[in-house]
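Working through the structure, step by step
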Amino acid sequence: MSYLDNTSTPDGTVPPTQAIIEAIAAREGVDVTDVEPPAYDPLFTVVNPEALDELFTTTAGTASSVVVRFEYEGYEIIVRDGSDIEIRDPSSDDSVNSPIEE
């Protein structure tokens, strides 16, 4: 099952790392403040948060096809320009090997 969540504000001020945490919280049915150790690994254990935010900050407002894909907390996370966050459960029908629609 795919879970799409665009948590950016109208002016795009929510950085992708925050949008990821918010999307995980929504998917897990927990408060965003609960997505922290020891229940959850820090995001920096799988991706450099500063680099990820910077990548999408520098491409904001441009015709970009930047897509970042990684695994976090058992989910496949796909980040597209504009803080468009997609969370996929690799154990369901939308496997890690499924193509990314652009």
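To be clear, the structure that these remarks concern was listed above.
The structure displayed is predicted, hence computed values, not measured ones. (Residues numbered from 1 in each chain as written. Predicted model: local features only at pLDDT ≥ 70, side-chain atom pairs only at ≥ 80, totals over all residues. Heavy atoms only, no water.)

Comments concerning the overall build of the chain
The line we're drawing: Only DSSP runs of H or I with at least four residues qualify as helices, and only runs of E with at least two residues qualify as strands; both kinds are numbered from the N terminus onward. Only protein chains enter the accessibility calculation, which uses a 1.4 Å probe. A residue is then buried if its area is under 20% of the maximum for its type, exposed if over 50%, and partly exposed in between. Should any heavy atoms of two residues lie within 4.5 Å, those residues are considered in contact. Throughout, the Shrake-Rupley method with a 1.4 Å probe supplies accessible areas, and for residues the shown protein chains are the sole cover considered.
The secondary structure content of the chain amounts to two helices and four strands. Element order for the chain, N to C, with α for helix and β for strand: β-α-α-β-β-β. In the chain, which comprises 102 residues, the proportion classed as buried is 35%. Sequence-distant contacts in the chain: of pairs separated by 6 or more residues, those separated by 24 or more amount to 50%. Summing over all exposed atoms, the chain offers an accessible surface of approximately 5800 Å²; the carbon and sulfur share of this is 52%.

Topic: the pairing of strand 4 (residues 84–88)
Convention followed: When DSSP locates at least two bridges between a pair of strands, those strands are taken to pair.
The buried count for strand 4 comes to four of five residues, which makes it a mostly enclosed element. Bridging between strand 3 (residues 75–80) and strand 4 involves five bridges; their strand directions are antiparallel. The partner of Ile-77 across the bridge, within strand 4, is Ile-87.

A word on the side chain of Thr-17
Along the chain, Thr-17 falls in helix 1 (residues 16–28). Contact partners of Thr-17, with chain neighbours within four places excluded, come to Leu-43, Pro-49, Leu-52 and Asp-53.

Here's the deal with the pattern of salt bridges
What counts is decided by this rule: Definition used for salt bridges: Asp or Glu carboxyl oxygen within 4 Å of a side-chain nitrogen of Lys or Arg.
Considering all chains together, one arrives at three salt bridges under this definition. For the salt bridge of Glu-86 with Arg-80, the shortest nitrogen-to-oxygen distance reads 3.1 Å. Here Arg-80 falls in the buried class, since its relative accessible area comes to 13%. Of the charged contacts, one joins Arg-88 and Glu-86 as a salt bridge, the two residues approaching to 2.8 Å between their closest N and O atoms. According to the relative accessible area criterion, Arg-88 is buried, its value standing at 6%. Via salt bridges that share partners, Arg-80, Glu-86 and Arg-88 belong to a single interconnected network.

Let's talk about unusual backbone geometry
The peptide bond linking Pro-37 to Pro-38 adopts the cis configuration, its omega dihedral lying at 5 degrees. By the secondary structure assignment, Pro-38 is in the loop between helix 1 and helix 2 (49–59). With a phi close to 55 degrees, Glu-73 is a non-glycine residue in the positive phi region. Examined against the element boundaries, Glu-73 turns out to sit in the loop between strand 2 (67–72) and strand 3. Under the relative-accessibility criterion, Glu-73 is labelled partly exposed at 28%.

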